[in-house]
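# A closer look at the structure
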Amino acid sequence: MDKKKLLEGLENGGSKVETRAVFDIYFERMGVYIAGRYNKLTRNISQTPWSFGDEEEEQEQQEQEQQERGKEIGNSVQEMIGIVLKDYFQFTSCNFSAAGREDIDVRMLGRGRPFMMELTNAKKINFDSKLFVEMQAKINQNKNVIITDLQMSSKNDMSILKKGAEYHKKVYSCIVWTEKELNENQIEKINSMKEFVIDQGTPLRVLHRRAVGIRKKMIHDLNCRRLRKHSNFYIVTLTTQAGTYIKEFIHGDFGRTKPNFRMLIDCEADILELDVLSVDLEFPKTMEQQNIEARNWLLTQNTK
């Protein structure tokens, strides 16, 4: 409504006010939080959907692709979990958070990585334990991402997840190639190294999205063993501080990580495969009975 006309109408007792006011009222439910652990068993899916260019255009494109493919499972951990949860909670959007992240070509094994999802404007929120068993089992049908300990959580738990992502220990296993075959003295030297600090410059591969700087990270334990006799391939297991770039520690990243595995063996080295074996964070609580029932539910469905 024009401000001048409004004032004139008020001065004349409101007789000249002919335009009615229109209000839009929207109601949204507070965020609903879900927690669990996930294992990623393949080397070709990311943790969250990749985004390029304008966010609004990307969102529209994702929604259009989602409509075209119906209920087809997406190509990220978030999508594979979220597409099943959406059938139950009927939310409009979701935010995925985890205790760190692995690269697209890295598997997440062991007990899995703790995660939380914030579900926005969920229409349904009350589910008994049997439905959580069903949700967990349906997610695990895809066989690329397996989840355990699925449960309701709260916003307060997000601080546990974020703090854990900064300070927890992580265990990795990788297959490493070396230019020369290592002798026993070199292997013993590597295996004797405990609790040492490395300086990691921002890796070249993430310079486009990370601030330039030097970060000190702790290597708690380092172990090297031959993959087979008389070869240049080794299995290297590391226990490190969260946030350590393992690939760069192995090949040195053109000297941006010091010391590095290449310096320790005094020859070229490169990483061929990498797996995360453990994320040392006791969150969320273990739901062992639910995990068993979800496996049994899945077995029942597979035999039909």
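Everything here concerns the structure above.
Remember, it's a predicted structure, so these values are computed and weren't measured experimentally.

A few words on the pairing of strand β7 (residues 214–226). A regular strand places its side chains on the two faces of the sheet in alternate fashion. Direction of pairing for strand β6 (residues 194–201) relative to β7: antiparallel, over a ladder of 7 bridges. The partner of K194 across the bridge, within β7, is D221. Strand direction decides the pairing type here: β7 and strand β8 (residues 233–241), joined by 7 bridges, are antiparallel. Across the sheet, L222 pairs through a bridge with L238, a residue of β8. Linking β7 back to β8 in an antiparallel pair, the connection comprises 6 residues, with H230 at a positive phi of about 50 degrees.

Inspection of the entire model under this criterion finds 17 salt bridges. A salt bridge links D221 to K194; the shortest N-O distance between them is 2.5 Å. With a gap of 27 residues between them, D221 in strand β7 and K194 in strand β6 connect regions that are remote in the sequence. Looking at K194, the relative accessible area reads 42%, which means it is partly exposed. Among the ionic contacts, a cluster of salt bridges with common partners joins D103, D105, R205, K247 and E248.

Next up on the list: the side chain of S173. With respect to the element layout, S173 can be found in strand β5 (residues 169–178). In contact with S173, other than residues within four places in its own chain, are I235, V236, T237, E273, L274, D275 and L277.

On to the layout of surface pockets. Space inside the second largest pocket adds up to approximately 980 Å³. R101, E102, D103, R209 and R210 are the residues nearest the centre of the second largest pocket, which is lined by 33 residues in total. A per-class count over the lining of the second largest pocket returns 12 nonpolar, 9 polar and 12 charged.

Core analysis: the largest hydrophobic core is formed by 64 residues, its most contacted members being Y38, I81, L85, F89, F115 and F261. Every residue in contact with L85, bar those within four places of it in the chain, is listed here: I34, Q90, F91, M117, M135, I139 and L150.

Reading the values: rules and limits
Residues numbered from 1 in each chain as written. Predicted model: local features only at pLDDT ≥ 70, side-chain atom pairs only at ≥ 80, totals over all residues. Heavy atoms only, no water. Pairing = 2+ DSSP bridges. Helix = DSSP H or I, 4+ residues; strand = E, 2+ residues; numbered from the N terminus. Salt bridge = Lys/Arg side-chain N within 4 Å of Asp/Glu carboxyl O. Buried < 20%, exposed > 50% of the residue type's maximum accessible area, 1.4 Å probe, protein only. Contact = heavy atoms within 4.5 Å. 1 Å grid on protein atoms, 1.4 Å probe; cavity = no way out; pocket = protein on both sides within 12 Å on 5 of 7 lines; lining within 4 Å. Points joined across faces, edges and corners; volume = space filled by probe spheres on them. Nonpolar A, V, L, I, M, F, W, Y, C, P; charged D, E, K, R; others polar. Core = buried A, V, L, I, M, F, W, Y, C linked by side-chain atoms within 4.5 Å.

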